Amino acid sequence: MEINPGLSYRSLTPSPSRSTSPPNPAHSRLYIEIEHHPHSGLKNEIIPLDSDSKAAAPQRSTGTIVPRSRHPWAPFPSRPDFEWAETMYLQPQDIIKSQLKGLHGSWNPNGTALTIQTEPQLRDLLAKARQYGVEFESDQLTEEIDAEERAFTIRFRDPWQWVLEVVTDASLADDIVWYPYRKYLVVDGAHQRLRDEAYTADLWWDMQSKLPHIPGMHHCMFPLLLWLDEGRVTSHTNMYPMLLRSLSLPSAIRNGSGNGGSFLVGFMAQIKDHRDPKTRSTAEKVDFAYRKRKIYHRVHRRVLVKSLGKRSRDGEAVVCGDKTARVLYPAIPIISADGKEADAVTATRAALAHFPCSRCLVRTDQLRDICIDGIHFDPRTTDFMRRIFEESQSMQSKRDRESHLQNHGLHAVENAFWEIENSDPYKSVSYDLLHSDDLGKFGKKIWPAIQKVLEGLKTNGLLTKYMGDVPRWPGLKHFENVTTKEMNNGQEFFDIEKSLLPCVVQLLPKKSPWVHIIRAHARYRMMLGLHCISDQQIARKEKYQAEYEKWSKQIAKRYSEYQFNFPKQHDPYHSSDDVRDKGAPSVYCTRVNEGHHQENRDSATRGNHRDNDKQVSEIDATKEAMARIRMIVDAYDKELSEELDGVAGHAGVTSAAVREAIEDLSASDDHWRYGGLGRLEDSRSAFRNVPWLPVDLRRDFDRKLRAFLRDTFNDETFRADGEEPLLIRRSSCIYIHYTSAEDYTDKIDLLRCNPHFQTHGDARFDCINVNIKDDALDFARMLCLFRCRFPSKREEDIALVRLFRPSTWKPNTVWENCRVLEDGKTVFMLPKYFIRGAHLINAFGSRKPDATFYLNDVVDSDWFLRAGN
Ligand SMILES: [Zn+2]
C-alpha cells in the first residue's frame, strides 16, 4: 500500500507519548519488523512506532559523530577521568598514587567526579587507549615506464591487524553487527522493505548465505569499505590516502574518529608523468595509463590481498570482544570513490575506450539512456573481465590482444580485487551523490546552463536578487551574490538547487524544459539522499529519473549546445542496484569521507614519523593515543556547539537557551515550548500598537481572544462582560518537536515570531505546517505567540496565525507537485496543532510576491516525503 507520509505522521500524533507500558505489537498499526539472517539463529523482532508504544523504541537523534552511547573520551569512563589522566599520566607513579588517595580520601568531603580509583586502573586505561596502534610498514616496487626503471616506496599498515583490534575491542562489542538483517516497515499488516546500513541490504545477506552454517561455530562476514582519492594529491601534501572502514559498525561510529572509526591503511604510489602528456600518441597514452594501473594493482595486492586474500576465502577464527569465537571472512564489497578512481580500481580505460563505464558495457553513444525499465547494459563481472584478460594474454599477435582489450574497455592488468572473495571491483564501486549529482550534473552542467540561458534573456541580475530574497532556513546556505560567486563545492550547489525553482521560473519562458529538468533532478537527488529508503521510494526514484532523462533529451534536441552524453549522466543507471545491494547512498557517498580528511592527514603525519623510528617507546605510543582522544573530544565539543550555534544563531537565541529548551522538551508531555517569554501584560492593551497586525484586529484583539477562549476551554468560566483581566506574556520563538518522516527519529525545529529580528531589525514570522484536516497539508504564518493566564490562574499557550490557502495564481511553468499558497484569514490557534516548521519561498515575479508563496519541499528529506513526493 502507498504510505502517505502526512497521514502516517499524524497517526504518530504530534505529541510523543511518554507511556511506559509494554508494547503490544498485535495492536500496533505501525511498526518495524526485523528479520534476522537464518544463520544468526535469532527470532524476528518488532520495534513499535505507534504513539502508544513509541516510548519502547527510544530513537533520539543525536546528529553527532559520536553517538551518545559511545563517549568521545573512550576508553576513559568519563570526561573528568580523561581530563585528569591527561594532566597526570606523565607524572611519576608515587605522585599519581598520592593524588588519587587525596581525591578519594575522607578529607575531601565534596567527593570527586573521578571514577579512577587506583594507579593500576589508570595504567590499564592507558594501555587500552594505546591499542589502536598498528605499525606502518614500507615496501619497494619497481616498474618500467617509458623505458625507464622507476622505483616506488609504499607505506602501509596491515588491515587484518586492524580488523583484529576492532573485533576484539570489548567497548565495540555491543555495536558490531555480525549477521545481516532485513528491515520492514509494517503498516496495517503490509510489509515494506527498508534499507539503510549495508547490513540491511541484499549483498551482505547473499554473502552470508554462502558461508558455512555449522551449529556451534559462527561463520561471519566482516565487510569493509575502501575509500581512496587521488584528488588529495597536491603539491603541498603529496598524499594519496587509502582508508578502510568497518561496515559492521553503524555510521556514527564508522565515520567518526574514535575506536571503530576510519583506518588509514596506507598511501597509493604516485606515478608522475615524466613526459609532456600532450606529446604522447594515443598508443603511448594507453601504455602510460596501463603502467599506472599495473602499479596501482600491485600496491593493492601488497597491502590488501596479501593480508586479506586467503582469509577472505577460508576465514580465520577469532575470539571477539564479546568472548564469542567466530570464523571471520573479510571482504571489500563497497568502494567509495569518484569516477576517475573507479576507473583505476576496475582497471578500465575510461575515455580511452568506447566503453567508458567502470561497471557495465554501456557505449559512449548510450550514456544518455538512464531509464532503468527501457534498457539493459551488460554488467562487468570478475568472471567476465578475467576471461577477457586471460583470452587477451593467450593471443599471439599484439594487435589482436590490444583490440580484444580495447573492445571491452579494459587494460591488460591483472586486477588485485579478483583475488579477494566477495570483492568484485565492478560491483564495489558505488554511486556517488557528490561527484555524480551535486557537482557532476547540477553544479557543472545544469547550473552553468541556466545562467547562460538567463544571460541570453538578460534576466540573470533578477535571479541574483531573488536568490538573495529567499527566506532563511536553518542549514540552508543563503546566497547574496549567487551568479557572481565562484563555486566548486558540492554542498553549495545542492543548496542552490533547493531554492532555485521559485527564483527562476518567472525569468524563463512559459513551459520551459529547464524548469522540469531541475525539478526532476532535484526529486531523484532528494530520494537518493534519504538515509533510509523503502522499496516504494526506489520505484519513485526511478520514475523521477525517467523524467530527468526525458527532459534532458528534449533539451538536447532543442539546443545543440546542451548535450547530456557525459559519463556522469549514466551513473544513475546503477543507483537502484546500489541501494538494494549496499544500502542508502550516504553509506558510500564520498562526502562523508572527505570531511574526515584533515584528521587522516594528521594521523598520517604521525604514522610516517613513527615509521622512521622503529623503537617506539610505550610513552610515545601513550602520548599519541592521548593526543588522539583529545582531538576527538575537541571535535565533539566543536560539533556539538556548532550544531547548537547554527540553530541558535539562525533564531537569534543563545546556545544555552537551545540546550535548555531541548532538555525541557524531552522531559515534557507537550511537543512544543515557547522561548523568550516577555513580561506580563494586560490582553486589552498588549497588541493595540503592534504595527504588523491589521488595524481592525489590533482594536478587536481582546474581544476576539476572549471569544476564542470561551469556545476552546469550555471547562473554564469567563465573565460575559469581559471585565476580568487576562494576563499574557509574549514569546518570540517556539521549539517544535516532531518525528522525522525519513527515519522516524525525533527532531526539533526552532522557529521565530519576531518583528525586530537581530541587528537588521528584519521581521521574522516563520511559517508552520498545521494540523487542520487529516488528509491535507495546511500552512500558517505565526503572527503572535503568547502565554495566557486565565482568571483561574491556569496558563495556556496561544498563537495568532495567518492561514494560507491554495492560490489560483500559476507560475509560467508548473513543475511536478508544485504548491502555490496565498495569504488567507487570521485566526487564533493552539500550538498543539503545530506539526513542524515549513520553508515557504515567495513567488518572485508574481502579481503579489509578498502574499504568494511556494512550499519548498526539497528543503530537507522530511519535507520532501511529507509533501508527498
Ligand atoms: Zn554503467
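Residues numbered from 1 in each chain as written. Predicted model: local features only at pLDDT ≥ 70, side-chain atom pairs only at ≥ 80, totals over all residues.

Draft legend 1. Molecular detail of the overall build of the protein. Looking only at helices and strands, the protein features 25 helices and 25 strands. Expressed as a percentage of the 869 residues in the protein, the buried residues total 41%. In the protein, once contacts between residues fewer than 6 apart in sequence are set aside, the share between residues at least 24 apart is 67%. (Helix = DSSP H or I, 4+ residues; strand = E, 2+ residues; numbered from the N terminus. Buried ≥ 20, exposed ≤ 12 C-beta atoms within 10 Å, placed from the backbone. Contact = placed C-beta atoms within 7 Å.)

Draft legend 2. Representation of the pairing of strand 3 (residues 137-145) in the model. One ladder, built from nine bridges, connects strand 3 with strand 4 (residues 148-156); its direction is antiparallel. Across the sheet, residue L141 finds its bridge partner in strand 4, namely F152. Linkage of strand 3 to strand 4, two consecutive antiparallel strands, is achieved through a turn of two residues, within which D146 is found at a positive phi near 50 degrees. (Pairing = 2+ DSSP bridges.)

Draft legend 3. Quick look at the environment of I632. Its location among the elements puts I632 in helix 22 (residues 618-651). When the C-alpha atoms of I632 and P72 are compared, they prove to be 5.9 Å apart, with 560 residues separating the residues in sequence.

Draft legend 4. Inspection of the confidence of the model for the protein at higher detail. Across the protein, the average pLDDT comes to 85, with 87% of residues at or above 70. Note on residues 1-26: pLDDT is under 50 here. Beyond four places in sequence and across chains, it has 56 contacts. (pLDDT = per-residue confidence, 0-100.)

Draft legend 5. Main features of the sheet that holds strand 6 (residues 190-195). Ordered in space as 2-1-5-6-12, the five strands form an open sheet in which the pairing is antiparallel. Each edge of the open sheet is held by one strand with a lone partner, namely strand 2 (45-48) and strand 12 (533-534). Here strand 6 runs beside strand 12; their pairing, made up of two bridges, is antiparallel. Counterpart to R195 in the pairing with strand 12 is I533.

Draft legend 6. Local environment of unusual backbone geometry. Residues other than glycine seldom take positive phi values, yet A347 does so here, at roughly 55 degrees. Relative to the elements of secondary structure, A347 occurs in the loop between helix 9 (339-346) and helix 10 (382-393).

Draft legend 7. Spotlight on the packing of helix 10 against helix 11 (residues 398-406). The geometry of helix 10 relative to helix 11 is characterised by a closest axis approach of 8 Å and an angle of 170 degrees between their N-to-C directions. Considering their axes alone, helix 10 and helix 11 lie roughly antiparallel with respect to each other. Each of I388, E391 and S392 in helix 10 lies in contact with helix 11, whose residues at this interface are R401, H404 and L405. Taken together, the residues of the contact of helix 10 with helix 11 break down into two nonpolar, two polar and two charged. (Axes fitted to C-alpha atoms, helices over the stretch in contact; angles between N-to-C directions. Parallel < 35°, antiparallel > 145°, perpendicular 65-115°, else oblique. Nonpolar A, V, L, I, M, F, W, Y, C, P; charged D, E, K, R; others polar.)

Draft legend 8. Up close: helix 6 (residues 202-210). Of all the residues in helix 6, the buried ones are L203, W204 and Q208. Axial view of helix 6: buried residues confined to an arc of 130 degrees, hence all on one face. The outward face of helix 6, more than 90 degrees from its buried face, is lined by the exposed residues S209 and K210. Contact partners of the buried residues in helix 6: strand 7 (218-228), strand 11 (325-336) and helix 19 (575-582). (Arc of directions from axis to C-beta.)

Draft legend 9. Region of interest: the nonpolar core. Ranked by internal contacts, the top residues of the largest apolar core, which has 166 residues, are L226, V504, I734, I768, F779, M782 and L840. Looking at which element gives the most residues to this core, the answer is helix 16 (residues 513-528), with 10 residues. Sequence-distant contacts of I768, that is, excluding residues within four places in its chain, are made with L751, F779, A780, M782, F834, R836, G837 and A838. By size, the runner-up hydrophobic cluster in this structure holds 16 residues, among which are I96, A129, I629 and Y636. (Core = buried A, V, L, I, M, F, W, Y, C linked by C-beta atoms within 7 Å.)

Draft legend 10. Geometry of the environment of C360. As for its position among the elements, C360 is in the loop between helix 9 and helix 10. C-beta crowding within 10 Å serves as the criterion here: with 17 such atoms nearby, C360 is assigned to the partly exposed category. If we skip the residues at most four places from it in the chain, C360 touches F377, D378, P379 and R380.

Draft legend 11. Region of the structure containing the environment of L405. Take L405: it is sitting in helix 11. Excluding residues that lie within four positions of it along the chain, L405 makes contacts with I388, S392, L410, H411 and A412.

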